[in-house]
Amino acid sequence: MLSRRALTCVLQRRSLSLARPISYTAALREAGLATPRVDYEQKYAEKLQQRAREQGKSVEQLRAELKEQERQRRLQKAKEEATNASATSETPLPTRPSSNASPSTAAPSPGASRKDSSPVKPLSSIFNLQKVLETPHTAEQISVLWRAYHGSRSGGTGRGFLCAALPVETYEKMLDVATKYPRFVIPVPRENAQIEEGSKEPAYEFYLMEWGFHGPPQDPSTSADLFAQSKPSTNPQTSTILFTPLQEYKLRQSFATPYLVITHYTDLAKTHGLVLLRGEITPSAAASTPSVGAEEDGGRFMLSQQDAQLLAIHVQRFYLWNEGSDERAALLKAFHETPAEFKWEELLKHTDFAG
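S.K.: Any chance you could explain the overall build of the chain here in plain terms?
M.R.: Helix and strand counts for the chain come out as 14 helices and six strands. Counting over 355 residues, the chain shows a buried share of 43%. For the chain, the accessible surface area stands at approximately 19600 Å², while carbon and sulfur atoms represent 49% of it.

S.K.: Help me understand the packing of aromatic side chains, please; the structure alone is not making it clear to me.
M.R.: Two aromatic rings, taken as a pair, are described by how far apart their centres are and by the angle between their planes. The full count for this structure, using the stated rule, is 11 aromatic pairs. Ring geometry for Phe127 against Trp146: centres 5.5 Å apart, planes inclined by 85°, an arrangement best described as edge-to-face. Of this pair, Phe127 sits in the loop between α5 (59–88) and α6 (129–134) while Trp146 sits in helix α7 (residues 139–151), placing them 19 residues apart in sequence. The exposure class assigned to Phe127 is buried, which follows from its relative accessible area of 3%. Measuring from centroid to centroid gives 6.1 Å for Phe184 and Phe342, while their planes differ by 80°, and the two rings are edge-to-face.

S.K.: Please explain the pattern of salt bridges as it appears in this structure.
M.R.: On inspection of all chains with the given rule, the structure shows six salt bridges. Note that Arg190 and Asp307 form a salt bridge whose closest N and O atoms lie 2.6 Å from each other. In this pair, Arg190 is assigned in strand β2 (residues 183–194) and Asp307 in helix α12 (residues 305–319), connecting sequence segments 117 residues apart. Residue Arg190 shares its accessibility class with Asp307, and that shared class is buried.

S.K.: Can you walk me through unusual backbone geometry in this structure?
M.R.: The phi torsion at Ser154 lies on the positive side, around 55°, for a residue other than glycine. Here the phi dihedral of Gln253 falls at roughly 50°; this positive angle occurs in a residue that is not glycine. Structurally, Gln253 can be placed in the loop between α10 (246–252) and β5 (260–265). A relative accessible area of 41% means that Gln253 is categorised as partly exposed.

S.K.: So what exactly am I meant to see when it comes to the packing of α12 against helix α13 (residues 326–337) here?
M.R.: Two packed helices can be described by the angle between their axes and the distance between those axes. One way to put it is that α12 packs onto α13 with a least axis distance of 8 Å and a crossing angle of 95°. The orientation of α12 relative to α13 falls into the category roughly perpendicular. When α12 is examined against α13, the residues Arg317, Phe318 and Tyr319 are found in contact with a partner set consisting of Arg328, Leu331 and Leu332. Grouping the constituent residues of the contact of α12 with α13 by class yields four nonpolar, no polar and two charged.

S.K.: Even after reading the chapter, I still don't get the nonpolar core, so can you show me in this structure?
M.R.: The tendency in soluble globular proteins is for nonpolar side chains to be buried side by side. In this structure, Phe184, Met209, Trp211, Phe243, Leu260 and Tyr319 are the most contacted members of the largest nonpolar core, which totals 46 residues. It is α12 that provides the largest number of residues to this core, a total of seven residues. In terms of nonpolar packing, the next biggest core, distinct from the first, is built from 14 residues, Phe127, Leu129, Trp146 and Cys163 among them.

S.K.: Where do I start with the environment of Arg300 in this structure?
M.R.: Tracing the backbone shows Arg300 in the loop between β6 (274–281) and α12. Look at Arg300 and you get partly exposed, because its relative accessible area is 43%. If near-sequence neighbours (up to four positions away) are discounted, Arg300 is found in contact with Ser154, Pro283 and Ser284.

Calculation notes
- Residues numbered from 1 in each chain as written.
- Predicted model: local features only at pLDDT ≥ 70, side-chain atom pairs only at ≥ 80, totals over all residues.
- Heavy atoms only, no water.
- Helix = DSSP H or I, 4+ residues; strand = E, 2+ residues; numbered from the N terminus.
- Buried < 20%, exposed > 50% of the residue type's maximum accessible area, 1.4 Å probe, protein only.
- Areas by Shrake-Rupley, 256 points an atom, 1.4 Å probe, with all protein chains shown as cover.
- Phe/Tyr/Trp six-rings, centres within 6.5 Å; stacked < 30°, edge-to-face > 60°.
- Salt bridge = Lys/Arg side-chain N within 4 Å of Asp/Glu carboxyl O.
- Axes fitted to C-alpha atoms, helices over the stretch in contact; angles between N-to-C directions.
- Parallel < 35°, antiparallel > 145°, perpendicular 65-115°, else oblique.
- Contact = heavy atoms within 4.5 Å.
- Nonpolar A, V, L, I, M, F, W, Y, C, P; charged D, E, K, R; others polar.
- Core = buried A, V, L, I, M, F, W, Y, C linked by side-chain atoms within 4.5 Å.

Keep in mind these numbers describe shape, not what the thing actually does.
What follows is the structure, encoded as structure tokens:
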């Protein structure tokens, strides 16, 4: 078994390690999280006149109709948000995918106030995508901004979050495998626990991981044109991965609380070749029993930062198939296709970094 110091070094060599906060104030300024006010009436005066002529109406009549449409839209949105708030007061985490979930069958969360089918928080609520696109940013610059933002959370410690920027080719390879095999179990070693009294065998806590697929997000645009027609998205599927202790899932099934939720944002896949990964560890107030390792972070979260990183690393180990991953691929296939032949002892060989 790796010591804590050795395991930390291994995790830091991986691409999913938590980033350190670097010049966050400057990063936010570059990302442009605040936008100047725009006089839309003056900006769209010509289009309003053109639309009014096409419909045989005066500009004042058209304005009145648009205001009424906007009022109705806001009223409907308020009703949806009220319904959604009632529905999510008991289950504030992302919808758990069904056992036969696939990109074409996964249903969006009701009342989600966004243009695509994803129930997750839109990337535009974290990043000012319009500003990023208006001012040329390289993929590397966006990656730095993404890491800086998450590294500044929790008082500058970054605790409670994971982040990474994946090449779109890497994500699409994992997505292809995940659509066929959306569930798996991952063991997390527990150094201070034993299987039974007197045993020297290491103990493990198993986590059920479940992929969810939520449709592709709209291609980001620098246009603020209210009349612009949306085009079919060219981005890959947005996806989430829920990690829930297996014991918790056995007891509560679909009501079980995920301890870690990973979201893959694909909004910039086509424009910058990046998929932005965001991991959110559930605060300890959201569930009754934190994991054994959560004590390392003062009990504030259901899962320790180190265990969350370990789970995230295993996503790539089992879903990114390449040379040398045949045995891990066989385990994933067996879990779904021939469960009677699945051996958890074999699984431990591929999830223990001490080996």
